[in-house]
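One-letter residues, chain by chain:
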Amino acid sequence: MSETDPVEASAADDRDLYDVATWEPRSAVDRAAVAVHGALAGNARLLIVLFAALVFLAQVGGVVWLASRNPALGIVALLSAVPAFALVAFVWRQDVVEKEPLGTLAATFVLSVLFASFAATVNTALGGLFRAVGVGGMVLYFFLIVGPGEELVKWLAIRLYAFERSEFDAVIDGAVYGAVAGLGFATIENTLYVVQGFVRAQQSGATQAIGAALGTATSRALAGPGHVIYSAWAGYYLGLAKFNPENRGPIVVKGLLIAALIHALYNSIVTVAPLGGLSLLGYLGFVIVYDGIFFYLLYRKLARYRDTYEGIVDGEGSNDDAPAEDGDTESVEDDREETTDEAESEQAADATDEDEKRR
């Protein structure tokens, strides 16, 4: 396909085709368009972050303010994220290449907290439509809206900043940043649930509303690690895509599909199973087993990368042609001297044999 319009290709060189087949900034409107485009293109990331911050403040600002005004409530909300944090620390330790800087990790965490407001807005706007259909509608809601939407915003938190940084220099880094994005999302989601439970308990006249918040935090502590696991999967494939640009699109889609499907299936089961009479103990067992399976599979993937790295990259210096260490220098020199002496002895013996033949 030609990159030149047929009119431009056939016209004489001196023919003015402005606004017909060619374009250049001539008018005031043209120059304004150039200025606006430059501002948007150069500050696209900043504008997205500012917009997310505005949505975040409008949607959950009051909840966060209430948590900050009540220290006990804020502590309870933060404690609910401890299991997710422990999981992030474990994934972080699997990075055998180079540990990621705290600043980039913190930026990913904050962006995930802010972008969670996008997912919350969409979930709230469309949730009612699917709930009206019944259980089947809720399953569709999880697979079409919640799973893809929440994994996409966590993915965006990595893609917008950490992905472009020079410290993102290995495939496994994607899993680390994905885990941190999941922690950010889980932290703000847990905070919302805990504060809402606290407010409802107060409105119902409960004298120990903080106890209700603590109960909510306990259940959310089990849900938080799931966010870390799901987005670590998507993050790993984002890392793989970064270093395989010729197939970047399909690789990214694969990671998001895996994360969204695991996420949606979890939500569907924990929503439908209680309708069948699943006990609280059964629910706890399910969460541990379900997340445990996909965490184990994630660990196997990270371990495979780690073992391959140690076998190929760390093993480069183990060949026979590698330079000797300082402590081995003397032994190498001794070997060379012994070889030289043996060669000289063989030459002297050959000379003696020649003399005897001549005689």
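Residues numbered from 1 in each chain as written. Predicted model: local features only at pLDDT ≥ 70, side-chain atom pairs only at ≥ 80, totals over all residues. Heavy atoms only, no water.

Take a nonpolar patch on the surface next. On the surface, L140, F143, L144, V253, L257, L261 and L265 cluster together to form a nonpolar patch covering roughly 620 Å² of accessible area. Residue assignment for the nonpolar patch shows that the elements contributing at least two residues are α7 (135-159) and α10 (248-272). Along the polypeptide, F143 turns up in helix α7. (Patch = residues over 30% accessible without salt bridge, like charges linked within 9 Å, V, L, I, M, F, W, Y side chains within 5 Å. Areas by Shrake-Rupley, 256 points an atom, 1.4 Å probe, with all protein chains shown as cover. Salt bridge = Lys/Arg side-chain N within 4 Å of Asp/Glu carboxyl O. Helix = DSSP H or I, 4+ residues; strand = E, 2+ residues; numbered from the N terminus.)

Here we come to the packing of aromatic side chains. Tallied over the full model, the rule gives 14 aromatic pairs. Considering the side-chain rings of Y266 and F286, the 6.2 Å spacing of their centres and the 15 degrees angle between planes classify their relative orientation as stacked. Of this pair, Y266 sits in helix α10 while F286 sits in helix α11 (residues 280-312), and the two are 20 residues apart along the sequence. The exposure class of Y266 is buried, given its relative accessible area of 6%. With centroids separated by 5.8 Å and ring planes inclined at 45 degrees, the aromatic side chains of Y266 and Y290 adopt a geometry described as tilted. Of this pair, Y266 sits in helix α10 while Y290 sits in helix α11, and the two are 24 residues apart along the sequence. There is no split in this pair, since Y266 and Y290 are both buried. When the ring centre of W92 is taken as reference, the NZ or CZ atom of K99 above it lies at 5.4 Å. The side chain of K242 reaches across the aromatic face of F163, ending 5.2 Å from its centre. (Phe/Tyr/Trp six-rings, centres within 6.5 Å; stacked < 30°, edge-to-face > 60°. Buried < 20%, exposed > 50% of the residue type's maximum accessible area, 1.4 Å probe, protein only. Lys NZ or Arg CZ within 6 Å of the ring centre and 35° of its normal.)

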